[in-house]
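# Structural characterization, general
Read off the chains here:
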Amino acid sequence: MSGQLSGSMGAHRKGIIILTYVLAALELTCLFMQFSFLPYLSRTLGLDSVNFGYLQTIFGTLQLLGGPVFGRFADQYGARAALSLSFVAASTLYLLLAASCSPALPGVFLLFASRLPSALMHTLTAAQMVITDLTAPAERPAALGRLGLCFGVGIIFGSLLGGTLSTTYGIQCPAIVAFVVTFLGAILSFTCIPVTTKDTSVQSAHQGGSNAGVFDLKAITRLLLLPRVLPVFLVKVISGLPAGLFLVMFSIISMDFFQLEAAEAGYLMSFIGILQMVIQGLVVGRLSTRFQEEALLQSSVLVYAVVGLGMALMSNVLHFCLLVPGLVFSLCTLNVVTDSMLTKAVSASDTGTMLGLSASVHPLTRTVGPTLGGLMYRSYGVSIFGHVQLMVNLLVLLVLWRKPLSQKKDKTR
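Being a predicted model, the structure only gives us computed values, none of them experimental. (Residues numbered from 1 in each chain as written. Predicted model: local features only at pLDDT ≥ 70, side-chain atom pairs only at ≥ 80, totals over all residues. Heavy atoms only, no water.)

In this section: the packing of helix H11 (residues 230-248) against helix H15 (residues 317-344). Packing of H11 against H15 brings their axes to within 10 Å, and their N-to-C directions diverge by 150°. Taken as axis vectors, H11 and H15 run roughly antiparallel relative to one another. Crossing geometry of H11 relative to H15 is assigned as left-handed. Only Phe320, Leu327, Leu331, Leu334, Asn335, Thr338, Asp339, Met341 and Leu342 of H15 make contact with H11, whose side of the interface consists of Val232, Phe233, Val235, Lys236, Ser239, Gly240, Ala243, Phe246 and Leu247. Taken together, the residues of the contact of H11 with H15 sort by class into 12 nonpolar, 4 polar and 2 charged. (Axes fitted to C-alpha atoms, helices over the stretch in contact; angles between N-to-C directions. Helix = DSSP H or I, 4+ residues; strand = E, 2+ residues; numbered from the N terminus. Parallel < 35°, antiparallel > 145°, perpendicular 65-115°, else oblique. Left-handed = near helix turned anticlockwise from the far one by under 90°. Contact = heavy atoms within 4.5 Å. Nonpolar A, V, L, I, M, F, W, Y, C, P; charged D, E, K, R; others polar.)

Evaluation of the coordinates by the stated rule reveals 11 aromatic pairs. Measuring from ring centre to ring centre gives 5.6 Å for Phe32 and Phe35, while their planes differ by 90°; the resulting arrangement is edge-to-face. Here Phe35 and Phe32 lie together in helix H1 (residues 2-44), a separation of 3 residues that amounts to about one turn. When its relative accessible area of 13% is taken as the criterion, Phe32 is described as buried. In this structure Phe35 comes out as partly exposed when scored by relative accessible area, which is 29%. (Phe/Tyr/Trp six-rings, centres within 6.5 Å; stacked < 30°, edge-to-face > 60°. Buried < 20%, exposed > 50% of the residue type's maximum accessible area, 1.4 Å probe, protein only.)

What follows deals with the packing of H11 against helix H18 (residues 383-402). Between H11 and H18, whose axes approach to 9 Å, the crossing angle comes to 165°. By the angle between their axes, H11 is roughly antiparallel relative to H18. Crossing handedness for the pair H11 and H18: left-handed. For the pair formed by H11 and H18, the contact residues are Val235, Ile238, Ser239, Pro242, Ala243, Leu245 and Phe246 on the first element and Phe385, Val388, Gln389, Val392, Asn393, Val396 and Leu400 on the second.

Counted under the stated rule, the structure contains 2 salt bridges. Ionic pairing is found between Asp339 and Lys236, a salt bridge with its closest N-O pair at 3.4 Å. Note that Asp339 is positioned in helix H15 and Lys236 in helix H11, a separation of 103 residues in sequence. With a shortest N-O distance of 3.0 Å, Lys344 and Glu293 are connected by a salt bridge. With Lys344 in helix H15 and Glu293 in helix H14 (residues 293-313), this residue pair connects regions lying 51 residues apart in the sequence. For Glu293, a relative accessible area of 15% puts it in the buried group. (Salt bridge = Lys/Arg side-chain N within 4 Å of Asp/Glu carboxyl O.)

Fair warning: the whole summary comes from geometry, so function is off the table for now.
Structure, rendered in structure tokens:
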């Protein structure tokens, strides 16, 4: 009888995890649909490249500020509330985008207003929280890595649908489709996801503990400054920043340096998306069962450095295509391993806040990237991204070899 009960509970957890993957894929598909048609919508509304940059900066800044707060909200109010809130925010954003396409409405105002809900659009963070709560620590890297499949689906189908729908049915169509899909996601989240995915003992202990609010910055900062958290978080930020700056500038580099047409650039992005699906969804999970997380972290930093050397020497798009597998491997491994290590370094009641802090790294890159990356590219060319990536990751690797993170964990125990 107990075996049947545990089996039914395991099947229930597996069903929730599968639904979470589906919801993440839907949200990411809509997000990349937005990225594909937003430049054309802004041009239609008369925005120049400077104002479009402001639009992107607002989006990145709001996601940066909202990530830790959203994670704390998820810890306090549960998975259902977090996922539902994220999808409601997303549907609001796409509704405003669709409204901005109407000639009878103030399009520019609505376009900038559509950035505001992005502070609460963190479906991927909520999905990571659900998977973290429902998997054992040993299974966590593989389970989190499978979100890479969702990310790849989002890149491929989102980019394809955004361009096809806007070309065939008008610029407003992708926004309407994204609104319908995210509204459906909100309904599925509210009706099918449990109120909380944490264990009952963890949830009751959390409720009986601190009464700090969602916006309590001290509680958020306390987690970040933990001895087992800060070193891993700094490695995640510092090691991935140079590659992040390159990817932020990739659309400009593909036009100016690689001399690619729009369709060719789309094919290259699809190639990157497929590689990310395979590496993060399949390769990283298998590696995590054979090697320790710290060894995988060091290998990702080492490959980053080697790819940086190749980027400093590359002269055409073929050279870049040869470097893409290494770049994607480092990117996926660094993100999955650091997320897993960070969630293990905090109590089960704080995993949402920790994942929110971790998720703020990418918006930070999108916020400072256009300005810093633009200055680097204009002053020194494409090779500067490779030189910086090589030097930064060699320094990080040296620190990791001299002071392994496992030693820092032992000292804190």
